[in-house]
Amino acid sequence: MAKRATKLGIVKGQGAYLTDEKGEKYLDFAAGVGVVNCGHNNPIVVEAIEKQLHDLVHGGHNVVYYPSYIELAEKLVARVGNDYKVYFSNSGAEANEGAVKLALSVTKRSGIIAFNSSFHGRTLLTAAMTASNAQYRKNYEGVLPPVYHVDFPDIYNTKLSEKEEVARCLEQLEQVFHNILAPSQTACIVVEPVQGEGGYLPAPKEFLVKLREICDRFGILLIFDEVQSGYGRTGNLFAKDHYGIQPDVLTSAKGIANGIPLSAVIGKKEYMDKWEPGAHGGTFGGNPLACAAGSAVLDIMDTDFLEHVKTVGAYFTVKLQKLQEKYPVISSVRGLGLMIAIEFRKDGGKPATALVAKVREKALQQHLILLNCGVFHNVIRFIPPLIIEKSDVDKAIAILDTSIGSSLKEVGES
Ligand SMILES: Cc1ncc(COP(=O)(O)O)c(C=O)c1O
């Protein structure tokens, strides 16, 4: 069963706000877990969906071609690179499944490498790749396909320098290659350029550069899971653009159609062309309504949208750093664009998990919706609709300030 972060009954969404059945408004810094990046009920997206509704609701991409699918695929290719092709599906997990199936199919190898504290979904394959919480794997262990995990650099909770931390993780990868899975048997390395569920940890650039080099050396496909970090969340269309690194395959979902289920496997043509017709597919993937919404989303992001994300994100970060000065229990402020988080640790570095739960509860009482993340649930992630204004940030900071203050009095730094 799904676990719910709140007990709210929501009847309407507009911009950065949700309204419950009693008419109470909530500032939504969860955005349906990073989905409604253009804001709830964005009028441009709604209009595109309405228009499409009268033309074609379903055609089936296994059956026919239709313009909304082609238009969105072309728009994505234009933005990611002309040497890529797109395959649409419905969810983040489904896109990741597709990306890995592509890698297995074209390399004719069976090895999969992913990272500790990663999250890639809840289907059997993606649960096997996920390593952020044993709960996702409990009772399924026997049938999860083998995936080998390596540490993801966490420069915020180590005494090592960034360089040393990167080297430590790469040494683990070397060890896996040496002891368990030869590079010649490895189909793909799957990585989130900014770990989401794992704690909003941006990968150090050197780490991704080295992964790219290793993949090139051994003919391994580098897959970027940009399900959470994509679609303007970090201030660029995709987080990869902060690093200047092109993966062989990129997966996208969440914000791609601003709330209509849609996901994409965006893979290099040289591999997509080798993926045999019928080797993958699905009934609802690339639904016309979703594709129409997706096209509208990209049009919106072609304006000054991403600049806005960068500006508001920088403003928010400074405000959070000020809060950190006031509350030393905030051990770090980190992130890119509006994919920002604050981690809570007690003196000596122990995760302040109970405190984070209390802060979220207090914030909700003041009508601010917040989510946590991190393997110890001791990180608050800010994942608002990207259309928020500085005034929304000010409001959230004021609520956060009082929530942290009163929570500290109640639970201490536990
Ligand atoms: C990085 C990442 N990958 C994959 C997924 C799974 O996406 P979905 O829930 O749409 O299957 C998520 C969802 O939170 C995610 O954050």
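Overview of the structure. (Residues numbered from 1 in each chain as written. Predicted model: local features only at pLDDT ≥ 70, side-chain atom pairs only at ≥ 80, totals over all residues. Heavy atoms only, no water.)

### Let's talk about the overall build of the chain
Next up, step 1: The helix and strand inventory of the chain stands at twelve helices and 17 strands.
Next up, step 2: In terms of C-alpha radius of gyration, the chain reaches 21 Å, essentially the compact-globule figure of 22 Å for 414 residues.
Next up, step 3: By principal-axis analysis of the C-alpha atoms, the chain measures approximately 60 × 60 × 40 Å.
Next up, step 4: Accessible surface for the chain amounts to roughly 17600 Å². Of this, 53% is attributable to carbon and sulfur atoms.
Next up, step 5: Positive and negative side-chain charges in the chain, numbering 44 and 46 respectively, have mean positions lying 4 Å apart. (Helix = DSSP H or I, 4+ residues; strand = E, 2+ residues; numbered from the N terminus. Rg over C-alpha atoms; globule rule 2.2 N^0.38 Å. Areas by Shrake-Rupley, 256 points an atom, 1.4 Å probe, with all protein chains shown as cover. Lys, Arg positive; Asp, Glu negative; His and termini not counted. Charge placed at Lys NZ, Arg CZ, Asp CG, Glu CD.)

### Digging into the packing of aromatic side chains
Next up, step 1: Under the counting rule described, the total for this entry stands at eleven aromatic pairs.
Next up, step 2: Ring geometry for Tyr69 against Phe88: centres 4.8 Å apart, planes inclined by 90 degrees, an arrangement best described as edge-to-face. Residue Tyr69 is found in helix 3 (residues 67-80), and its partner Phe88 is found in strand 4 (residues 84-89); the two are separated by 19 residues along the sequence. Of the two residues, Tyr69 and Phe88, neither departs from the other in class, the shared state being buried.
Next up, step 3: Plain terms: the ring middles of Phe152 and Phe207 are 5.9 Å apart, the flat faces sit at 80 degrees to each other, and that makes the pair edge-to-face. Residue Phe152 is found in the loop between strand 6 (148-150) and helix 6 (162-179), and its partner Phe207 is found in helix 7 (residues 205-218); the two are separated by 55 residues along the sequence. Note on accessibility: Phe152 and Phe207 belong to one class, buried.
Next up, step 4: By the ring-pair criterion, three or more aromatic residues cluster together here, those being Phe29, Phe316 and Phe382.
Next up, step 5: Taking the ring centre of Tyr17 as reference, the NZ or CZ of Lys25 above it sits at 4.9 Å. (Phe/Tyr/Trp six-rings, centres within 6.5 Å; stacked < 30°, edge-to-face > 60°. Buried < 20%, exposed > 50% of the residue type's maximum accessible area, 1.4 Å probe, protein only. Lys NZ or Arg CZ within 6 Å of the ring centre and 35° of its normal.)

### As for the packing of helix 6 against helix 7
Next up, step 1: One can describe the packing of helix 6 onto helix 7 by two numbers: an axis separation of 10 Å at closest approach and a directional angle of 25 degrees. If you check the angle between helix 6 and helix 7, you find them roughly parallel. Crossing angle aside, the handedness with which helix 6 passes helix 7 is right-handed. Here Val166, Cys169, Leu170, Leu173 and Phe177 of helix 6 come into contact with helix 7, specifically with Glu206, Phe207, Lys210, Leu211 and Ile214. (Axes fitted to C-alpha atoms, helices over the stretch in contact; angles between N-to-C directions. Parallel < 35°, antiparallel > 145°, perpendicular 65-115°, else oblique. Left-handed = near helix turned anticlockwise from the far one by under 90°. Contact = heavy atoms within 4.5 Å.)

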